Amino acid sequence: QQPVQSPQAVILREGEDAVINCSSSKALYSVHWYRQKHGEAPIFLMILLKGGEQKGHDKISASFNEKKQQSSLYLTASQLSYSGTYFCGTEDYGQNFVFGPGTRLSVLP
Amino acid sequence: EAGVVQSPRYKIIEKKQPVAFWCNPISGHNTLYWYRQNLGQGPELLIRYENEEAVDDSQLPKDRFSAERLKGVDSTLKIQPAELGDSAVYLCASSLDPRTGEAFFGQGTRLTVV
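As the structure is a prediction and not an experimental result, all values here were calculated from the model.

Caption draft 1: View of the overall build of chain A. Tallying secondary structure elements over chain A gives zero helices and 11 strands in all. Since a compact globule built from 109 residues should have a radius of gyration of about 13 Å, the 13 Å found for chain A is in line with a globular shape. With the C-alpha coordinates of chain A rotated into their principal frame, the extents come out at 45 × 25 × 20 Å. Classification of the 109 residues of chain A by burial places 45% in the buried group. Long-range contacts, defined as pairs at least 24 residues apart, comprise 55% of the intrachain contacts of chain A with a sequence gap of at least 6. Within the structure as shown, chain A displays about 5400 Å² of accessible surface, and the carbon and sulfur contribution to it stands at 49%.

Spelled out as structure tokens, the structure:
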């Protein structure tokens, strides 16, 4: 079952922060985050494997609340290069992996 | 190191015609995926291979779609006959360890069925 992402779209100015949420109705083994720019392949950002785990990548970080079956992606001090569509992908304990519908992020100068 | 290579990049065909897509994964990656991505949506898994074995093809429309991964390296995805609704981007990805690592995507093949 496809996870739910919110918001569907967000517009920021450079330097502003954003949070993208991903929630599932199923118990999750892992959450993956990808970014895709228009006309390009999705690029892996990070994977979260344990409940409560937080990982960081430059100014992009994420958390995983296993009990709530949710993950959040945090973008701080956004840059123009952060623009794109962010997808979460969730894997349940049956090794079923599915991408969410995506959140479109636009960073304006 | 070369990434995941797909060909062709673009394909336009008439409905009811056959079409095939080719994928060469990153060397050493045993796991290979085929995804379909419709405009404005997330990638949808069609089939996953571990080496030459299809371990998850539950979302593959088997009446018209087929895939193979001979020798556990390159893979081909075929549609026969194509329908208008098959227009999408077909993405191939590979992974060294899908449970703990990242998947690397190719540039995709944009299929237009007219």
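After that view, the rundown keeps rolling.
Caption draft 2: Inspection of the sheet that holds strand β3 (residues 18–23) of chain A at higher detail. All names here are of chain A. Spatial strand order, β1-β3-β8-β7-β6: five strands in an open sheet with antiparallel pairing. Unpaired on one side and paired on the other, β1 (4–6) and β6 (54–57) mark the two borders of the sheet. Strand after strand, the sheet turns through a mean of 15° between neighbouring axes, direction not considered. Relative to strand β7 (residues 60–65), β6 runs antiparallel, the two sharing four bridges. Each bridged residue has a counterpart across the sheet, and for G56 the counterpart in β7 is S61.

Caption draft 3: Spotlight on the state of the cysteines. Residue and element names in this part refer to chain A. With the rule as written, the count across this model stands at two disulfides over all chains. A disulfide bridge connects C22 with C88, and the sulfur atoms are separated by 2.1 Å. On the S-S bond that ties C22 to C88, the torsion sits near 70°, and the link is right-handed. Here C22, found in strand β3, pairs with C88, found in strand β9 (residues 84–92); they are 66 residues apart in sequence, far enough to count as distant. Side by side, C22 and C88 carry an identical accessibility label, which is buried.

Caption draft 4: Expanded view of the packing of aromatic side chains. Taken as a whole and assessed by the stated rule, the structure comprises 11 aromatic pairs over all chains. Through a chain of ring-to-ring contacts, three or more aromatic side chains come together here, namely Y34, F44, F87, F97 and F99 of chain A together with Y33, Y35 and F105 of chain B.

Caption draft 5: Quick peek at the sheet that holds strand β1 (residues 5–7) of chain B. Residue and element names in this part refer to chain B. As summarised here, the arrangement of the four strands in space is β1-β3-β8-β7, forming an open sheet in which the pairing is antiparallel. Two strands close off the open sheet at either side, each with one partner strand: β1 and β7 (65–68). In this sheet, neighbouring strand axes are inclined to one another by 15° on average, regardless of whether the strands run parallel or antiparallel. Sheet analysis places strand β3 (residues 19–24) next to strand β8 (residues 75–79), joined by five bridges and oriented antiparallel. In the strand pairing of β8, F21 is matched with L77.

Caption draft 6: Region of interest: the environment of G85 of chain B. For G85 of chain B, the position within the fold is in the loop between β8 and β9 (88–95). When the C-alpha positions of G85 of chain B and V4 of chain B are compared, they lie 26 Å apart, and in sequence the two are 81 residues distant.

Caption draft 7: Highlighting the pattern of salt bridges. Residues and elements named next belong to chain B. Throughout the structure, instances matching the rule amount to six salt bridges over all chains. Salt-bridge contacts for R64 lead to E83; the nearest nitrogen and oxygen are separated by 3.3 Å. Of the two residues, R64 sits in the loop between β6 (53–56) and β7 while E83 sits in the loop between β8 and β9, which places them 19 residues apart along the sequence. Three or more residues joined by partner-sharing salt bridges are found here, namely R64, E83 and D86.

Caption draft 8: Broad picture of the side chain of H29 of chain B. Residues and elements named next belong to chain B. Mapping H29 onto the fold places it in the loop between β3 and β4 (31–37). A relative accessible area of 9% places H29 in the buried class. Setting aside residues up to four positions removed in sequence, H29 forms contacts with R69, S94, S95, L96 and F104.

Caption draft 9: Representation of the pairing of strand β8 (residues 70–75) of chain A in the model. Residues and elements named next belong to chain A. The pairing of β3 with β8 spans six bridges and is antiparallel. If you follow V19 over to β8, its bridge partner there is Y74. In the sheet, β7 pairs with β8 via six bridges, with the strands oriented antiparallel. Looking across to β8, one finds that F64 is bridged to S71. The loop that links β7 with its antiparallel partner β8 comprises four residues; one of these, Q69, has a positive phi angle of about 55°.

Here is what the cut-offs are and how they apply
- Residues numbered from 1 in each chain as written.
- Chains lettered and ligands numbered in written order.
- Predicted model: local features only at pLDDT ≥ 70, side-chain atom pairs only at ≥ 80, totals over all residues.
- Heavy atoms only, no water.
- Helix = DSSP H or I, 4+ residues; strand = E, 2+ residues; numbered from the N terminus.
- Rg over C-alpha atoms; globule rule 2.2 N^0.38 Å.
- Buried < 20%, exposed > 50% of the residue type's maximum accessible area, 1.4 Å probe, protein only.
- Contact = heavy atoms within 4.5 Å.
- Areas by Shrake-Rupley, 256 points an atom, 1.4 Å probe, with all protein chains shown as cover.
- Pairing = 2+ DSSP bridges.
- Axes fitted to C-alpha atoms, helices over the stretch in contact; angles between N-to-C directions.
- Disulfide = S-S within 2.5 Å.
- Phe/Tyr/Trp six-rings, centres within 6.5 Å; stacked < 30°, edge-to-face > 60°.
- Salt bridge = Lys/Arg side-chain N within 4 Å of Asp/Glu carboxyl O.

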